[in-house]
Amino acid sequence: QVHLVESGGGLVQAGGSLRLSCAASGVTFTRYTMGWFRQAPGKEREFVGARRWTGTTHYRDSVKGRFTISKDGATNTLYLQMNSLEPEDTAVYYCAADAGGILSTIRDPNTYENWGQGTQVTVSL
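Residues numbered from 1 in each chain as written. Predicted model: local features only at pLDDT ≥ 70, side-chain atom pairs only at ≥ 80, totals over all residues. Heavy atoms only, no water.

**Looking at the overall build of the protein chain**
Consideration 1: What the protein chain contains, in helices and strands, is zero helices and eleven strands.
Consideration 2: Along the protein chain, helices and strands appear, N-terminal first, in the series β-β-β-β-β-β-β-β-β-β-β.
Consideration 3: In summary, the protein chain has a C-alpha radius of gyration of 13 Å against a globular reference of 14 Å for 125 residues, a match within 12%.
Consideration 4: For the protein chain, the spread of C-alpha atoms along the three principal axes comes to 40 × 30 × 25 Å.
Consideration 5: Expressed as a percentage of its 125 residues, the buried residues of the protein chain come to 45%.
Consideration 6: A fraction of 59% describes how many contacts in the protein chain between residues 6 or more apart in sequence connect residues 24 or more apart.
Consideration 7: Counting only carbon and sulfur atoms, one obtains 49% of the accessible surface of the protein chain, whose full area is about 6,200 Å². (Helix = DSSP H or I, 4+ residues; strand = E, 2+ residues; numbered from the N terminus. Rg over C-alpha atoms; globule rule 2.2 N^0.38 Å. Buried < 20%, exposed > 50% of the residue type's maximum accessible area, 1.4 Å probe, protein only. Contact = heavy atoms within 4.5 Å. Areas by Shrake-Rupley, 256 points an atom, 1.4 Å probe, with all protein chains shown as cover.)

Below you can see the structure in the form of structure tokens.
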């Protein structure tokens with residue numbers, strides 16, 4: 001059974017950094033695609049980035065160069081390092097897991113079978 005728990009959210013000023021963690025149980029990173037999504041009030045959930053089971057990472061254009069996904073296999077934890085944060089990054093951030101997964105579907109939240117509860121990120125001016 002897959003269980004995902006996000007942590008690390010908080011309030012930060014524009015230009016600051018946060019690192020989100022996703023503690024994953026029941027997941028093997030070499031067999032799952034792990035995604036990060038976010039949802040701002042009144043908006044649809046959107047793709048932030050993903051680490052495929054192949055080891056490759058992919059990001060939405062607006063976070064490229066600012067956000068980085070990594071993992072710690074020893075603790076089965078996925079990370080999202082967020083630098084140069086902007087007010088537009090304010091949202092609830094979710095970790096998601098998809099067994100296997102193909103490249104063409106990693107940006108679609110409907111692809112992912114398992115979700116964490118989310119962690120709030122607020123970026124102030």
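Next comes the rest of the account.
**Focus: the pairing of strand β8 (residues 77–82)**
Consideration 1: Counting buried positions along β8 gives five out of six residues, so the element sits mostly inside the fold.
Consideration 2: Of the strand pairs in this sheet, strand β7 (residues 67–72) and β8 are connected by six bridges, and their pairing is antiparallel. Bridge pairing links F67 to M82 in β8.
Consideration 3: Here β7 hands over to β8 after four residues, with N76 in that stretch at a positive phi of 55°. (Pairing = 2+ DSSP bridges.)

**Topic: the sheet that holds β7**
Consideration 1: One open sheet holds the four strands; their spatial order is β1-β3-β8-β7, and the pairing between them is antiparallel. Only two strands of the sheet have a single partner each, and these edge strands are β1 (3–7) and β7. When strand polarity is set aside, the average angle formed by the axes of neighbouring strands in this sheet is 20°.
Consideration 2: Relative to strand β3 (residues 18–25), β1 is paired through five bridges, and the arrangement is antiparallel. Paired with S7 across the two strands is S21, which belongs to β3. (Axes fitted to C-alpha atoms, helices over the stretch in contact; angles between N-to-C directions.)

**Describing the state of the cysteines**
Consideration 1: Within the structure shown, the criterion is met by one disulfide.
Consideration 2: Note that C22 is cross-linked by a disulfide to C95, the S-S spacing being 2.1 Å. Across the S-S bond of C22 and C95 the torsion is about -70°, and the bridge reads as left-handed. Residue C22 is found in strand β3, and its partner C95 is found in strand β9 (residues 91–99); the two are separated by 73 residues along the sequence. Accessibility classification places C22 together with C95 in one group, the buried group. (Disulfide = S-S within 2.5 Å.)

**Side note on the environment of T54**
Consideration 1: Relative to the elements of secondary structure, T54 occurs in the loop between β5 (46–51) and β6 (57–59).
Consideration 2: There is a polar contact of 3.1 Å between the side chain of T54 and the side chain of T56. (Polar contact = N/O pair within 3.5 Å; in protein donor to acceptor, adjacent residues only side chain to side chain.)

**Brief notes about the environment of G116**
Consideration 1: Among the secondary structure elements, G116 is positioned in the loop between β10 (114–115) and β11 (119–124).
Consideration 2: For G116, a relative accessible area of 12% translates into the label buried.
Consideration 3: Sequence separation of G116 and H3 is 113 residues, and the distance between their C-alpha atoms is 7.2 Å.

**A short note on the side chain of E6**
Consideration 1: Note on placement: E6 falls in strand β1.
Consideration 2: Within the buried set, E6 has no salt-bridge partner at all; the shortest N-O distance to an opposite charge, 7.5 Å, is to R45.
Consideration 3: There is a polar contact of 2.9 Å between the side chain of E6 and the backbone nitrogen of Q117.
Consideration 4: Reaching out from E6, the side chain makes a polar contact with the backbone nitrogen of G118 at a distance of 2.9 Å. (Lys, Arg positive; Asp, Glu negative; His and termini not counted. Salt bridge = Lys/Arg side-chain N within 4 Å of Asp/Glu carboxyl O.)

Take it as geometry only, folks, not as evidence of what the structure does.
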